[in-house]
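# An overview of the molecular structure
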Amino acid sequence: KIFQAVVSCIGSDGTIYIIPKSFETALNKLMAEIQNTFNGLGLLIPYCWKKGEACVVRGSDTVWYRAKVVEVSGSILQVQYIDRGYIESIPQCHLYPTTFYTGIPPFCIPCQLYKTLPIGNFWQQDAVDYLQELLKNEEVEIHVEELPDNPWDKLSISLYFGGMSLSSFMAYQKYCVTEDCQDIQKLGVFEGDLSPSYLLQPLPFPGETFPVTVTHLVSPKEVYICLDSSGNVKKPSAKEGAASHDSESLSKALKWCNKIVKTLPHLTNFRKELPCLAEYVDGLWYRAKLLSITHLDPVQILVQFVDYGTYLVAPTNRLRHIPCHLLKYPVQAIRVLLAGFKPASGDKNVERIPYSPEWSLKALWTMADCVEGKSLSASILTVSPEVTISLYGDDKNLVHLKLIEMGLAELDE
């Protein structure tokens, strides 16, 4: 059994409490019913609480939850939120005994990692804290490995986040050992010397019109595009659908990588075209590849972000090894040339693009205004020697017509 779930909490003993996504509707319905039934404060008169007794608890967010008493100590009770898993010490005045809803099984499932043994035979506090920080309220993929003999005991699972095995990741961090050696090999986070490379994005067929987003302009004629599945096209091709799925899965995988990036080693190999993770100016890490060393003391590396086409000169401390599972997603940005126009011979603007002086900076900014934030579509004309496309604006006209009207470009038959 494989399913998606949200991790509600990590117990002090390392128990992973999950709520299957398929339970969410029923849980929300029950929570709404509890809020309508219980109002105001908890039980204010003296009451003899017993261990294991069912109750509802008014949490710090003023919401009522199902719970059970796990320990009685004077006026303070230790209760467990049975639909969330976590345990809390609460004054009696925030509880209410009830037999309502006791016939409904708990919505969260206690789990343990399959064939995984924590160092010292129990999860150390720093490991529990790390699991809590990494997983709480996050959506993960659960593989059920073994059912417990007692239905109230823990379910044995393999847990995957962003395509990575949690057991293998925690074993790499030296928090545990796992019997599944193959799983550790599949993790592949640290195989930076195996000369990996990115997969290329499959292109739509020539002549087919498809929605795109321009992610980077090198010059008015040379741009990077991403296939855009959000466009209103009647019959998106299978390739566009696959690109959309890849993009969504890649975004989730990168989100997880940003959470664990400090555990990934810094690059020590600076081979050209080597895939890596690089930190952008927004403080987030993205897929990139090395292009060249631009400075030796201190070392500065020119990298290109493969899913956008943009470039950055970065110090080595902003480059890290890339987990191998991130290589299975094709690069999202495709370098293309725009057909139908060329630089205007009469363009007298003095400011030119330094690396492409046949074009004026004004032409570049004008093209940027034509494509940024616009609903664009494209049609491939040729794929060799370079991918050449016709690019249309949201008015279905060719985007370069604006440059021609302003005398910044001329038609190229």
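Residues numbered from 1 in each chain as written. Predicted model: local features only at pLDDT ≥ 70, side-chain atom pairs only at ≥ 80, totals over all residues. Heavy atoms only, no water.

## Thoughts on the domain arrangement of the chain
The condition that has to hold: As used throughout, domain bounds are those supplied by an automatic or database domain assignment. Contacts: residue pairs with any heavy atoms within 4.5 Å of one another. Throughout, the accessible surface (probe 1.4 Å) given up by two parts as they are put together, summed over both, is called the buried area. By salt bridge we mean one thing: a side-chain nitrogen of Lys or Arg within 4 Å of a carboxyl oxygen of Asp or Glu.
What the domain assignment lists for the chain is domain 1 (1-182), domain 2 (208-231 + 333-411) and domain 3 (265-322). Relative to domain 3, the C-alpha centre of domain 2 lies at a distance of 27 Å. At the junction of the two partners, domain 2 supplies five residues and domain 3 supplies seven residues. The contact between domain 2 and domain 3 buries some 440 Å² in all, and 50% of this surface belongs to carbon and sulfur atoms. The three residues of domain 2 that bury the most area against domain 3 are H216, Y224 and A333, which together make up 73% of that side's buried surface. Inspection of the region where domain 2 meets domain 3 yields zero salt bridges.

## Thoughts on the pairing of strand β21 (residues 334-338)
Side-chain positions along a regular strand alternate between the two faces of the sheet. Definition in use: When a residue's accessible area, from a 1.4 Å probe over protein chains only, is under 20% of the maximum for its type it is buried; when over 50% it is exposed; and in between it is partly exposed. The numbering of helices and of strands both runs from the N terminus, where a helix is a DSSP run of H or I of at least 4 residues and a strand a run of E of at least 2. Criterion used throughout: strands pair if DSSP finds at least two bridges between them.
The buried fraction of β21 is high, at four of five residues. Alignment of strand β15 (residues 222-227) against β21, held across four bridges, turns out to be antiparallel. Bridging from a neighbouring strand, E222 pairs with L337 of β21. Across two bridges, β21 lies against strand β26 (residues 388-392) in parallel orientation. Following the sheet pairing, L338 is matched in β26 by I389.

## Things to note about the side chain of H400
Counting through the fold element by element, H400 comes out in the loop between β26 and α7 (401-405). Those residues in contact with H400 that lie beyond four places of it in its chain are A339, G340, F341, M367 and L411.

## Overview of the sheet that holds strand β16 (residues 275-279)
The five strands lie next to each other as β19-β18-β17-β16-β20, forming an open sheet whose pairing is antiparallel. Taken across any chain shown, the strands that pair with only one partner, and hence form the sheet edges, are β19 (311-315) and β20 (319-320). Where strand β17 (residues 285-296) lies against strand β18 (residues 299-305), seven bridges are found, and the strand directions are antiparallel. Along β18, the bridge assignment pairs I293 with I301.

## So, the UniProt feature "domain: Tudor" (unreviewed entry) in the chain
Worth spelling out the cut-off: UniProt positions are given in the numbering used here, feature names are shortened, and annotations may be inferred rather than shown by experiment.
In the numbering used here, UniProt assigns the feature "domain: Tudor" (unreviewed entry) to residues 48-105 and 269-329. Here residues 269-329 is 0% helix and 51% strand, with 22 Å between the C-alpha atoms at its ends.

## Comments concerning the state of the cysteines
Covalently bonding the sulfur atom of one cysteine to the sulfur atom of another cysteine gives a disulfide. The criterion, for reference: Throughout, disulfides are identified as pairs of cysteine sulfur atoms within 2.5 Å of each other.
The full count for this structure, using the stated rule, is zero disulfides. C9 provides the cysteine sulfur closest to C108, a residue in no disulfide bond, and the two sulfurs are 7.0 Å apart.

## Notes on the nonpolar core
Just so we agree on the cut-off: In these notes, a set of buried Ala, Val, Leu, Ile, Met, Phe, Trp, Tyr and Cys residues joined through side-chain atoms within 4.5 Å is what counts as a nonpolar core.
If you look at the biggest cluster of nonpolar residues, it comprises 30 residues, and the most contacted ones within it are L135, L159, F161, L166 and M170. Looking at this core, the elements with two or more residues in it are β1 (2-10), β2 (16-20), β8 (109-113), α2 (125-135), β10 (139-146), β11 (155-161), α3 (166-172) and α5 (238-260). Per-element tally for this core: the top contributor is α2, with six residues. Other than its neighbours up to four places away in sequence, F161 contacts L134, V140, L166, F169, W256 and I260. Grouped together as the second largest cluster of nonpolar side chains are 28 residues, V336, L338, W359 and L376 included.

## Things to note about the pairing of strand β14 (residues 209-217)
As paired elements, β14 and strand β25 (residues 376-382) share four bridges and run antiparallel to each other. When the sheet's bridge partners are listed, V212 is paired in β25 with L376. Two elements, β14 and β15, share five bridges in a ladder whose sense is antiparallel. Counted as the bridge partner of T213 is C226 from β15. Count of turn residues in the β14/β15 antiparallel hairpin: four residues.

## Let's talk about the packing of aromatic side chains
Rule in force here: Centre distance within 6.5 Å is the pairing criterion for rings of Phe, Tyr and Trp, where only the six-membered ring of Trp is used; planes under 30 degrees apart are then read as stacked, over 60 as edge-to-face, and the remainder as tilted. By the criterion adopted, a ring carries a charge over it if an Arg CZ or a Lys NZ lies within 6 Å of its centre and within 35 degrees of its normal.
This structure, assessed with the given rule, holds 17 aromatic pairs. On the basis of an interplanar angle of 80 degrees and a centroid distance of 5.7 Å, the ring pair of F161 and F169 is categorised as edge-to-face. For the pair formed by F161 and F169, the shared burial category is buried. Between the NZ or CZ atom of K221 and the centre of the ring of F341, over which it lies, the distance is 4.8 Å. It is K255 that lies over the ring of W256; its NZ or CZ is 5.4 Å from the centre.

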